[in-house]
Amino acid sequence: MSSAHYIFSYGTLIDDRVQQALFHRSLENTPDVLPGYRIAEKKMYGRYLVVERTGNPQDSVPGYALAVKEEELTIADTYEGESYERITVKLKSGINAWLYVETGSR
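Owing to the predicted nature of the structure, the values given are computational and were not obtained by experimental measurement. (Residues numbered from 1 in each chain as written. Predicted model: local features only at pLDDT ≥ 70, side-chain atom pairs only at ≥ 80, totals over all residues. Heavy atoms only, no water.)

Asker: Can you explain the packing of aromatic side chains? Please cite residues and give values.
Answerer: Per the counting criterion, the structure on display carries 1 aromatic pair. For the ring pair Phe8 and Tyr10, a centre distance of 6.5 Å and an interplane angle of 35° mean the geometry is tilted. Over the aromatic face of Trp98 sits the side chain of Arg86, whose NZ or CZ is 4.3 Å from the ring centroid. (Phe/Tyr/Trp six-rings, centres within 6.5 Å; stacked < 30°, edge-to-face > 60°. Lys NZ or Arg CZ within 6 Å of the ring centre and 35° of its normal.)

Asker: So what's going on with the nonpolar core? Which residues, and what values?
Answerer: Among the nonpolar cores identified, the biggest contains 14 residues, and Ile7, Leu13 and Phe23 are the most heavily contacted of them. Secondary structure elements with two or more residues in this core: α1 (16-23), β5 (60-69) and α2 (72-80). Counting residues per element, this core draws most heavily on α1, which supplies 3 residues. Setting aside residues up to four positions removed in sequence, Leu13 forms contacts with Ile7, Val18, Gln19, Leu22, Phe23, Leu66, Tyr79 and Glu80. (Core = buried A, V, L, I, M, F, W, Y, C linked by side-chain atoms within 4.5 Å. Buried < 20%, exposed > 50% of the residue type's maximum accessible area, 1.4 Å probe, protein only. Helix = DSSP H or I, 4+ residues; strand = E, 2+ residues; numbered from the N terminus. Contact = heavy atoms within 4.5 Å.)

Asker: Explain the pattern of salt bridges residue by residue, including any values.
Answerer: One side chain can pair with another of opposite charge once the charged atoms of both are near each other. Applying the stated criterion across every chain, the model contains 4 salt bridges. In this structure, Arg38 engages Glu52 in a salt bridge whose closest nitrogen and oxygen atoms are separated by 2.6 Å. Remark: Glu52 occurs in strand β4 (residues 51-53) and Arg38 occurs in strand β3 (residues 37-39); sequence separation between them is 14 residues. (Salt bridge = Lys/Arg side-chain N within 4 Å of Asp/Glu carboxyl O.)

Asker: Lay out α2 with the relevant residues and their values.
Answerer: Those residues of α2 that sit buried are Glu72, Leu73, Ala76 and Glu80. One side of α2 carries all its buried residues, which in axial view fall inside an arc of 105°. Across from the buried face of α2, at angles greater than 90 degrees, the exposed residues are Thr74 and Thr78. As for α2, its buried residues are in contact with β1 (4-9), α1, β5, β6 (84-90) and β7 (96-102). Immediately downstream of α2, the backbone of Gly81 shows phi near 80°, a positive value. (Arc of directions from axis to C-beta.)

If you want it as structure tokens, here you go:
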């Protein structure tokens with residue numbers, strides 16, 4: 001993959017059925033951890049997990065680094081919707097990845 005991008009996912013984007021529906025393929029995925037964040041108590045629309053930044057290195061969220069093509073980022077943005085914004089984070093592995101966070105919760 002020439003210009004690989006990574007999305008850190010801990011939720012629905014991990015599901016192969018969702019990947020097939022959105023990207024028409026299964027994404028290469030690597031287990032990883034997002035340090036300094038935790039799963040928030042509240043859920044988006046009462047259903048979907050969201051993360052919140054704590055800054056505490058002892059807090060972490062397990063998930064996957066999903067490899068996507070640059071043009072697929074727009075597809076992911078549309079899927080996540082206006083309730084989320086995409087920010088960059090560094091995963092425990094050292095991979096720089098995109099993370100979708102609730103709008104306004106940086």
